[in-house]
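Coordinate inspection notes
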Amino acid sequence: MITVGILALQGAVREHAKSIEASGANVIIVKRTEDLQEIDGLVMPGGESTTMRRLIDKYEMFGPLQEFAQSGKPVFGTCAGMILMAKEIIGQEHGHLEVMDMKVQRNGFGRQRESFEVGLSVKGLEGEDYIGVFIRAPYIESIGEGVEAIATFQDKIVAARQGRFLACAFHPELTDDHRMHAYFVKMIEELKQSVA
Ligand code: GLN
């Protein structure tokens, strides 16, 4: 069975855990570096990316998280988690973990649209549109060669995949539709099989 870690520094950790379990995987709540050794893939929730970065540094998890992502294990970043993964952040000199080849714009939908929900057609998800819950959401301004945009809204990329990395600008844990988490679990399963 697949075990997925949820980075538990900030954000809707329990909701992510519920969605991962509903997708047929075990969950480990990741609070310390050691927890990373137990997991096949990691979810980084939303919240506030600058605060999350501060907490990552405080708990000395920056290096271990970067190593985890570079070791070949899948990572799914949602909202602030997506910002943490990006190689570039508009207006900032450096990114954070810089593992996924994309440039992101924080708070990309303006103040007047602090939060909203919208039906999205997400490549790889079957059936009806996926309802994306956006909360002070970023968007992806541009992607590198190996990255595929899997959902857009108003001509902006709001979800993308680069091999074992998955990122979305919205909050998939805040709906009862578990298809995004199931997609991630399937990514992990496929990767495990291909290296087995
Ligand atoms: N605006 C937040 C940031 O820049 C992200 C918002 C979210 O994760 N809901 O980190």
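Coordinates for the structure precede this section.
Each chain carries its own residue numbering, running from 1 in the written order of its sequence. Since the coordinates come from a predicted model, pLDDT governs what is reported: local features require at least 70, and pairs of side-chain atoms require 80 or more to be given and counted, while whole-chain, interface and lining totals use all residues. Hydrogens and water are ignored here; the side-chain numbers use all heavy atoms of the structure.

Description of helix α2 (residues 49-58)
Our working definition: Here the term buried applies to any residue with accessible area under 20% of the maximum for its type, exposed to any over 50%, and partly exposed to those in between, with areas from a 1.4 Å probe on protein chains only. Secondary structure follows DSSP: runs of H or I at least 4 residues long count as helices, runs of E at least 2 residues long count as strands, and numbering of each begins at the N terminus. In this description, the arc belongs to the directions extending from the helix axis to the C-beta atoms. Whether two residues are in contact is decided by their heavy atoms, any of which lying within 4.5 Å being enough.
Listed as buried for α2 are Ser49, Met52, Leu55 and Ile56. Buried residues in α2, looked at end-on, bunch into an arc of 120°, giving them a common side. Exposed and facing more than 90 degrees away from the buried side of α2 are Arg54 and Lys58. Buried residues in α2 make contact with α3 (62-70) and α4 (80-85).

What about the site of the ligand?
So the rule is basically this: Any residue with at least one heavy atom within 4 Å of a molecule or strand is counted as near it. Side-chain atoms alone can form a polar contact between residues adjacent in sequence; in general such a contact is a pair of N or O atoms within 3.5 Å, and within protein one must be able to donate a hydrogen while the other accepts it. All accessible areas in this document rest on Shrake-Rupley with a 1.4 Å probe, and a residue is counted as covered only by the protein chains that are shown. Three categories are distinguished: nonpolar for Ala, Val, Leu, Ile, Met, Phe, Trp, Tyr, Cys and Pro, charged for Asp, Glu, Lys and Arg, and polar for the others, with Gly belonging to the last.
Near the ligand the following residues occur: Gly46, Gly47, Glu48, Ser49, Cys79, Ala80, Ile83, Arg106, Asn107, Ile135, Arg136 and His171. The backbone of alanine 80 places a nitrogen or oxygen atom 3.0 Å from an oxygen atom of the ligand. Here isoleucine 135 contributes a backbone N or O atom positioned 2.9 Å from a nitrogen atom of the ligand. Taking 300 Å² as the accessible area of the ligand by itself, protein coverage stands at 98%. Taken together, the residues of the shell around the ligand sort by class into 4 nonpolar, 5 polar and 3 charged.

A word on the environment of isoleucine 90
Examined against the element boundaries, isoleucine 90 turns out to sit in the loop between β5 (86-89) and β6 (100-105). You can call isoleucine 90 partly exposed: its relative accessible area is 30%. Measuring from C-alpha to C-alpha, the distance between isoleucine 90 and glutamine 105 comes to 5.4 Å, with 15 residues separating the pair along the chain. Non-local contacts of isoleucine 90, meaning those with residues more than four positions away in its chain, are made with Lys103, Val104, Gln105 and Glu141.

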